[in-house]
2 protein chains.
Amino acid sequence: MSYEENVRRVIPYTPGEQPRGGNIIKLNTNENPYPPSPKAERAVRELDADILRLYPDFAASELVRAIASYHGVKEDQVFVGVGSDDVLAMAFLTFFNSDKPILFPDITYSFYDVWAQLWRIPYRTCPLDEAFFIRKEDYFCENGGIIFPNPNAPTGVWQPVSMIEDILQKNRDVTVIIDEAYIDFGGESCLSLLAKYENLLITRTFSKSRSMAGVRIGYAIGNKDMIQYLNHVKFSFNSYTMNVPSLCLGVASIEDDDYFVRMRDLVVAERERSKKELTGLGFSFPDSMANFIFARHKTMQASEIFKALKEKGIYVRYFSGPRVRDYLRITVGTREQMDALFAALKQILTEGSQGA
Amino acid sequence: MSYEENVRRVIPYTPGEQPRGGNIIKLNTNENPYPPSPKAERAVRELDADILRLYPDFAASELVRAIASYHGVKEDQVFVGVGSDDVLAMAFLTFFNSDKPILFPDITYSFYDVWAQLWRIPYRTCPLDEAFFIRKEDYFCENGGIIFPNPNAPTGVWQPVSMIEDILQKNRDVTVIIDEAYIDFGGESCLSLLAKYENLLITRTFSKSRSMAGVRIGYAIGNKDMIQYLNHVKFSFNSYTMNVPSLCLGVASIEDDDYFVRMRDLVVAERERSKKELTGLGFSFPDSMANFIFARHKTMQASEIFKALKEKGIYVRYFSGPRVRDYLRITVGTREQMDALFAALKQILTEGSQGA
């Protein structure tokens, strides 16, 4: 016998490539092209290094307070974690503790089935319709819980709050998690439903709209009992997950709302311009409310375009799954980055059609 | 029915108090009284804020490389996490996946039974002897895995490597984790056993000897396969656990070995002086090789001393469990802090004996 017989074996999630280098245009992991708020920069520069020797505030009180006040909810309705992946992993572990399968779309964030596998949660995927919309009736059945992003990833499709309320009305006895990682880029949030549904949990992240993927901050908003259940599990795992720099950077980001709104609007404007440019180049895509566009070309294969772009130092994301292999997920960058992308695409598509 | 029926309910670990304030002497959570290396301070001050918008290196390569080179092991033998609690939580989940009970001492780090409960791992505790030493024979039986700290917490007792090798020889088919959170303060590490035992995992932390409790860095060293199993579970949980500031602070700390050795030696010297002072005040304690002393007084109750010290703004740790309720765990602070502690103890003990 070997120790290996007692090892939990899993197939991990594969994150997008993280190439480093000056000449790369990185449009592959939905990061924000703009730096974090200068106030956050200042906060980390002025950090008193002596406090790093002490454990951080395990309740992350200042960050929780800032988030609660920003959203107009109570402090005991906010849970924070090391990115929304940490928050979601904890939420799966805490709330999807049933023998019945949890439900999520067939095309969605590809970490959901990994967490289900890790925690040994049964799950079933519900196919999106041809336009990549959720069919709400798929969720009107017995289940162990429901999760999906809104807007969805990698499609960018946003579903109206009324549709989500229909799902909640038919699912009062299980936890429904709406993953709002991309909601700041235009969709309407489900926060207004919290008062009516005690089983609703909404997750958010600082990684996209707040330009802080490198700081690792995510959070959940729910009713007080839900947040307490989450905290009990979190405090059974690791008392101190949020380090001192992340706590101070997070608070500074929330406090600089002007900057946040300006940068967010820049990304949204560039997304809208990019939709026109991509259409002109022969791409089609579901209308995106996120900071990325999920686009297919009318003639050239996505995998070919992906490779050709990479050779030019432009990274976008390609997924090889059944219904998505014709698409590229393109993160919205700065105007200059997008212009470079469009120029590269023009060249690739011209060469492609000459070769054909 | 309610969503609450599917909730995983647990009783969380209670971390030590984290009082803030200028006049407090904090000797309750085994933090280092000295600040992190000035090089680490500089590293965070010079951080390019623009990189915070990007996801960190998910492999934490630079930090892993620094740790591997420091210990003279290969990079694929090092796993990093958000403090050693994160590393240990992952290790419990990965390696203690058996129906047989895992074994650990009855007096030990009080997070072990919390993780066992969280992951639904059966466990059995083995009583330390009267002098708080491990009886190795207790571990010569069928089990699902073994874990203990060396030096042990909260006792400070260090067990020789030869004793641990005896346990390893009788347990080749399960994972044995030696939690070396406090090893830098004087004990001999089990690192030398790694070459002989493929089932040995050693965990460490930056929180104590490296003065970085607020940064949240822990790591494990083991054989390549073990580290890969751990990484698979970690990457099924959260791709990016180590944020950019922690990666850069961690590397800077490892690189400044002179400072590390000097500060560590200061703590060790103060611990030795404190042993003499405490003995003079009527305390007895197992000989500590950690940065704390687990002491009982010959006449006054520990809970009384704990309360009286707190009233004077001096925080030590008190555990109310059966075999430990007569003891205080006192973290070794600066010479000035310890002098203030001894003066306060002298006063409390005098008043106590007058009252009696």
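Heads up: the structure comes first, above all this text.
In this report, the structure presented in the accompanying data block is examined. (Residues numbered from 1 in each chain as written. Chains lettered and ligands numbered in written order. Predicted model: local features only at pLDDT ≥ 70, side-chain atom pairs only at ≥ 80, totals over all residues. Heavy atoms only, no water.)

### Quick word on the interface of chain B and chain A
To keep things clear, this is the line we draw: Two residues qualify as a contact provided that any one of their heavy atoms is within 4.5 Å of a heavy atom in the partner residue. We define buried area as the total accessible area lost by two parts upon association, computed with a 1.4 Å probe and summed across both. N or O atoms closer than or at 3.5 Å make up a polar contact, with two conditions inside protein: a donor-capable atom paired with an acceptor-capable one, and, for residues adjacent in sequence, both atoms drawn from side chains. Helical segments are the DSSP runs of H or I of at least four residues, strand segments are the runs of E of at least two, and each set is numbered from the N terminus.
Contact with chain B, which involves 89 residues of that partner, is made by 89 residues of chain A. Buried area between chain B and chain A, summed over both chains or domains, comes out near 7,500 Å², and the portion from carbon and sulfur atoms is 56%. Counting the contacts that link chain B with chain A gives 46 residue pairs in polar contact (both at pLDDT 80 or more). Of all the secondary-structure elements, those providing two or more residues to the side of chain B that touches chain A are helix H1 (38-45), helix H3 (83-95), helix H4 (112-118), helix H6 (224-235) and helix H7 (244-255) of chain B.

### Section: the layout of surface pockets
We apply this condition: The definitions used throughout rest on a 1 Å grid laid over the protein atoms alone, on which a cavity is an enclosed set of points accommodating a 1.4 Å probe that cannot get out and a pocket is an open set flanked by protein within 12 Å on both sides along at least five of seven lines; lining residues are those having an atom within 4 Å of a point. Grid points are joined across faces, edges and corners, and a volume is the space filled by probe spheres set on the points. Under the convention adopted here, Pro, Cys and the residues Ala, Val, Leu, Ile, Met, Phe, Trp and Tyr are nonpolar, Asp, Glu, Lys and Arg are charged, and Gly plus all remaining residues are polar.
One number sums up the size of the largest pocket: a volume of about 950 Å³. Mapped onto the lining of the largest pocket, the elements with two or more residues apiece are helix H3 (83-95), strand S3 (102-105), helix H4 (112-118), strand S4 (123-126) and strand S12 (317-318) of chain A. Here the lining of the largest pocket gets four residues from one element, more than from any other, and that element is H4 of chain A. For the lining of the largest pocket, the class distribution of residues is 23 nonpolar, 14 polar and nine charged. Volume-wise, the second largest pocket comes out at about 800 Å³. Lining the second largest pocket we find 36 residues, and of these Arg20 of chain A together with Ile51, Leu54, Glu62 and Val244 of chain B sit closest to its centre. By residue number, the principal contributor to the lining of the second largest pocket is H7 of chain B, which donates six residues. Residue classes in the lining of the second largest pocket are distributed as 18 nonpolar, eight polar and ten charged.

### Quick word on the packing of helix H1 (residues 38-45) of chain A against helix H7 (residues 244-255) of chain A
Helix-helix packing: each pair is described by the crossing angle between the helix axes and the interaxial distance. Residue and element names in this part refer to chain A. Put simply, the test is: For every element, the axis is a line fit to its C-alpha atoms; helices are fit only across the contacting stretch, and the angle between N-to-C directions ranges from 0 to 180 degrees. Our angle categories are set so that under 35 degrees counts as roughly parallel, over 145 as roughly antiparallel, 65 to 115 as roughly perpendicular, and the remainder as oblique. The sense of a crossing depends on the near helix, which, turned anticlockwise from the far helix by less than a right angle, makes the crossing left-handed and, turned clockwise, makes it right-handed.
Closest axis-to-axis distance for the H1/H7 pair is 8 Å, and the angle between their directions is 150°. The orientation of H1 with respect to H7, classified from their angle, is roughly antiparallel. Here H1 runs over H7; the crossing is right-handed. Touching Lys39, Ala40, Ala43 and Val44 of H1 are Cys248, Leu249 and Ala252, all from H7. Its residues placed into classes, the contact of H1 with H7 shows six nonpolar, no polar and one charged.

### As for the nonpolar core
Test applied: Take the buried residues of types Ala, Val, Leu, Ile, Met, Phe, Trp, Tyr and Cys, join any two whose side-chain atoms come within 4.5 Å, and each joined set is a nonpolar core. Whether a residue is buried, partly exposed or exposed follows from its accessible area with a 1.4 Å probe, protein chains only, as a fraction of its type maximum: under 20%, in between, or over 50%, in that order.
Ranked by internal contacts, the top residues of the largest apolar core, which has 111 residues, are Leu63 and Val80 of chain A together with Leu63 and Val80 of chain B. A total of seven residues in this core trace back to one element, the largest contributor, which is H7 of chain B. Not counting residues within four places of it along the chain, the set of residues in contact with leucine 63 of chain B comprises Val80, Phe206, Ile217, Met242, Leu247, Gly250 and Val251 of chain B. Within the second largest apolar cluster, 70 residues are counted, among which are Leu88, Leu201 and Leu230 of chain A together with Phe92 of chain B.

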